[in-house]
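Chain by chain, the residues:
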Amino acid sequence: METITTESFTLVSLLLYAIGRVNVQQVFDRDPYESRRTAMKGSRLLKVLAFYQLIAAPSGRGLVDAIEDSLDAQTALGGTVARNTLSNALSHRDLEQMIEAWMFLLGHYSPYLQKMGKKFKNIGAVDASLIKLSLEAFNWASYREKTGAAKMTCVLDWARGVPNQFVFTAAGRVHDLKAATQLRFCAGWTYLFDRGYFSFDFLSALLEVGAHFVIRLKDGVDYRVVCRHAIPDLKMPAGVKEILKDWTVKLPGWDRDLPLRLVVYRLTDKKVISVLTSRHDLSALSIVMLYKERWSIEKWWRWVKRLYKVKEPLGRNENALPLQIVAAFVTDLLLRVFKHGGGFNGTLYEFVRRCREQSLTPLNRLGRTLGDALSAASKLLELSQPPPLERS
């Protein structure tokens, strides 16, 4: 194999080689039909969709043309891509396979991600977000009478700043709680929810696997006070004026005779928030701070929709869009790894923006700050030579 130096890499080749280095194809090879998909193996489709996230072209035709115009992309992808081949792959590729490949990459590269402070660990923020779609063009995206939408539900790993679970619901009108029942909750983790997820059955299922919750209490839910705890005089975090209550309570409507923690606090805008949790080991202030971190997933949804192509489906069928979304998650994961691993000192937004603007520029022609960071990331991740190429 001909040696390719780090300096001759572009961001596209670096990112696609990072996917190939992990050999995600083994995930797809468990499908008995994979051997028949000679033109578009699963790993190749993932790379094509990741490439799409880095270029300006907004359509499938633009993606195919961009590959034809870039020898760098063809080298990493194993040749050009026919539109009908791409369309067929988007229609028939199993979403669960693509999600498993993403999880495989996440497991490999997560040690290179920047982590938040050590005060909280194993924290997952859960929420859903809509992708508005034309109901005329995408008749499967039922939402309202005249508008369409699909729904994405994720668990955001708070410490690493990336999602670790994803559920796609083609019909945006499906309730958030119903979509969340498809998530897999893990023992030892604490999950943060808005009150839309409040359900005795749902919370019971979460507790049964050994997980914890911090959730906003729904209006009208009865509770009985078991114990009132003293509230120390402490400095409040930004936006919080005071903690009003720290009580141990039981819920008469729940068939579990389970003591829970109810913490009520007032914001600086005078709004009162009531939070229920199964965590008795934390202070009232820590519970307040934990629930405030639920907003991290709201910010993350805005981030993904702003910087990646999750709102412009490549195909009309309902299978294409979630595949595209998973590829956006993979692209975001690897760009975060490149930034942290390469020691880029600017903001993540600046890094991702510049990477997308110069994705096909050789690293040795980039400015020193970005070029040096990507070269350093390449060496750290042992990407100085490419893995075996895809074959079309």
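Just so you know, these numbers come straight off a predicted model, no measurement behind them.

**Side note on the overall build of the protein**
For the protein, the count of helices and strands is 14 helices and nine strands. Since a compact globule built from 392 residues should have a radius of gyration of about 21 Å, the 23 Å found for the protein is in line with a globular shape. Taking all 392 residues of the protein together, the buried fraction comes to 56%. Contacts spanning at least 24 positions in sequence make up 63% of the contacts within the protein whose residues lie at least 6 apart. When the 55 basic and 39 acidic side-chain charges of the protein are each reduced to a single mean position, those positions are 4 Å apart.

**Considering the pattern of salt bridges**
Evaluation of the coordinates by the stated rule reveals 17 salt bridges. Of the charged contacts in the structure, one is a salt bridge between Lys 151 and Asp 176, with a shortest N-O distance of 2.6 Å. On the criterion of sequence distance, the pair formed by Lys 151 in strand β2 (residues 148-157) and Asp 176 in helix α8 (residues 176-180) is long-range, its members being 25 residues apart. A residue is classified by how much of its surface remains accessible, and Lys 151, at 7% relative accessible area, is buried. Relative accessible area serves as the criterion here: at 23%, Asp 176 is assigned to the partly exposed category.

**With respect to helix α9 (residues 200-208)**
Buried within α9 we find Phe 202, Leu 203, Ser 204, Leu 206 and Leu 207. Those residues of α9 that are buried lie in contact with α8, β4 (190-193) and β5 (212-216). Downstream of α9 by a residue or two, Gly 210 has a phi angle that is positive, lying close to 90°.

**Examining the side chain of Lys 151**
One polar contact links Lys 151 to Asp 176, side chain to side chain, over a distance of 2.6 Å. Every residue in contact with Lys 151, bar those within four places of it in the chain, is listed here: Ala 128, Ser 129, Leu 130, Val 167, Phe 168, Thr 169, Gly 172, Val 174, His 175 and Asp 176.

**Overview of helix α12 (residues 320-342)**
Along an α-helix, a turn takes 3.6 residues, which lines up residues three or four apart on a common side. An ideal rise of 1.5 Å per residue puts 33 Å on 23 residues; α12 measures up with 33 Å between its terminal C-alpha atoms. Buried residues dominate α12, accounting for 21 of its 23 residues. Looking at the residues trailing α12, positive phi occurs at Gly 343, about 75°.

**What about the environment of Leu 130?**
Of note, Leu 130 is situated in strand β1 (residues 123-133). The class of Leu 130 is partly exposed, set by a relative accessible area of 23%. In the structure, Leu 130 is positioned 42 residues away from Gly 172 in sequence and 6.5 Å away in space, judged by C-alpha atoms. Excluding residues within four positions of it along the chain, Leu 130 makes contact with Tyr 143, Ala 149, Ala 150, Lys 151, Gly 172 and Lys 305.

**Concerning the pairing of strand β9 (residues 272-277)**
Bridge analysis of β5 against β9 gives three bridges, and the strand direction is antiparallel. Within β9, the residue paired with Ile 215 across the bridge is Leu 276. The pairing of strand β8 (residues 260-267) with β9 spans six bridges and is antiparallel. Looking across to β9, one finds that Arg 261 is bridged to Thr 277. Between β8 and β9, which pair antiparallel in sequence order, lie four residues; one of them, Lys 270, sits at a positive phi of approximately 80°.

**Focus: the packing of helix α11 (residues 295-307) against α12**
The geometry of α11 relative to α12 is characterised by a closest axis approach of 11 Å and an angle of 100° between their N-to-C directions. Between α11 and α12, the angle falls in the class roughly perpendicular. Contact residues: α11 offers Trp 300, Trp 303 and Val 304, while α12 offers Phe 329, Asp 332 and Arg 336. Class assignment for the residues of the contact of α11 with α12 results in four nonpolar, no polar and two charged.

**Focus: the packing of helix α3 (residues 42-54) against α12**
Remark: α3 packs on α12, axes separated minimally by 8 Å, with the N-to-C direction vectors making an angle of 70°. By the angle between their directions, the pair α3 and α12 is classed as roughly perpendicular. Residues Leu 45, Leu 46, Leu 49, Ala 50, Tyr 52, Gln 53 and Leu 54 of α3 touch α12, and the partners they reach there are Leu 323, Gln 324, Ala 327, Ala 328, Val 330, Thr 331 and Leu 335. Partitioning the contact of α3 with α12 into residue classes produces eleven nonpolar, three polar and no charged.

**What about the confidence of the model for the protein?**
Here the protein averages 91 in pLDDT, and 94% of its residues register 70 or above. Averaged pLDDT values over the elements of the protein bottom out at 88 in helix α5 (residues 71-77) and peak at 98 in β4.

**Structural notes on the sheet that holds β2**
Sheet architecture is open: nine strands sit in the order β3-β2-β1-β4-β5-β9-β8-β7-β6, paired in mixed fashion. Each end of this open sheet is capped by a strand with a single partner; those strands are β3 (162-169) and β6 (224-228). Neighbour-to-neighbour, the strand axes of this sheet turn through a mean angle of 30°, independent of strand direction. Sheet topology places β6 next to strand β7 (residues 240-250); four bridges connect them, and they run antiparallel. Looking across to β7, one finds that Cys 227 is bridged to Thr 248. Most of the contacts of α11 go to β1, to which it runs at about 40°, and overall it touches β1, β2 and β3.

**Remarks on the packing of aromatic side chains**
Applying the stated criterion across every chain, the model contains 17 aromatic pairs. Between Trp 102 and Phe 329, the aromatic rings sit 5.1 Å apart at their centres with planes inclined by 50°, giving tilted as the arrangement. One end of the pair, Trp 102, is in helix α7 (residues 95-109); the other, Phe 329, is in helix α12, and 227 residues separate them in sequence. Judged by relative accessible area, Phe 329 falls into the buried class, the value being 3%. Ring centres 5.8 Å apart and planes at 70° place the aromatic pair Phe 138 and Trp 140 in the edge-to-face group. The two residues Phe 138 and Trp 140 agree in class, both being buried. Among the aromatic residues, those joined into a cluster by ring pairs are Phe 185, Trp 189, Tyr 191, Phe 193, Tyr 197 and Phe 202. Lying across the ring of Tyr 52, Lys 309 places its NZ or CZ 4.1 Å from the centre.

Calculation criteria
- Residue numbers restart at each chain and count upward from 1, following the sequence in its written direction.
- In keeping with the model being predicted, local features are shown solely for residues with a pLDDT of at least 70 and side-chain atom pairs are shown and tallied solely at 80 or more, while totals for entire chains, interfaces and linings include all residues.
- Heavy atoms from the whole structure form the basis of all side-chain values; hydrogens and water molecules are not counted.
- Helix and strand definitions here come from DSSP, where helices need a minimum of 4 consecutive H or I residues and strands a minimum of 2 consecutive E residues; each element is numbered from the N-terminal end.
- Throughout, the radius of gyration refers to the C-alpha atoms, and the reference size of a globule is 2.2 Å times the residue count to the power 0.38.
- The rule is simple: take the accessible area with a 1.4 Å probe, protein chains only, and divide by the maximum for that residue type; under 20% is buried, over 50% is exposed, in between is partly exposed.
- Contacts are assigned to residue pairs with any non-hydrogen atoms lying within 4.5 Å of each other.
- When charges are counted, neither His nor the chain ends are considered; positive counts come from Lys and Arg and negative counts from Asp and Glu.
- Think of each charge as sitting on NZ of Lys, CZ of Arg, CG of Asp or CD of Glu.
- Salt bridges, as used here, are contacts in which a Lys or Arg side-chain nitrogen is within 4 Å of a carboxyl oxygen on Asp or Glu.
- Polar contact criterion, stated in full: a pair of N or O atoms within 3.5 Å, where within protein one must be able to donate a hydrogen and the other to accept it, and residues adjacent in sequence count only if both atoms are side-chain atoms.
- Expected helix span is given by 1.5 Å per residue-to-residue step, counting one fewer step than there are residues.
- At least two DSSP bridges between two strands are needed for those strands to be called paired.
- Angles run from 0 to 180 degrees between N-to-C directions of axes, and those axes are lines fitted to C-alpha atoms, restricted for helices to the stretch in contact.
- Throughout, the term roughly parallel applies to angles under 35 degrees, roughly antiparallel to angles over 145, roughly perpendicular to angles from 65 to 115, and oblique to all others.
- Residues are grouped as follows: Ala, Val, Leu, Ile, Met, Phe, Trp, Tyr, Cys and Pro are nonpolar; Asp, Glu, Lys and Arg are charged; every other residue, Gly included, is polar.
- Known as pLDDT, the predictor's per-residue confidence is scaled from 0 to 100.
- Two rings belonging to Phe, Tyr or Trp (six-membered ring only in the last case) form a pair when the distance between their centres is within 6.5 Å. Interplanar angles under 30 degrees mark stacking, angles over 60 mark edge-to-face geometry, and anything in between is tilted.
- Counted as over-ring charges are cases with an Arg CZ or a Lys NZ within 6 Å of the ring centre that also lie within 35 degrees of the ring normal.

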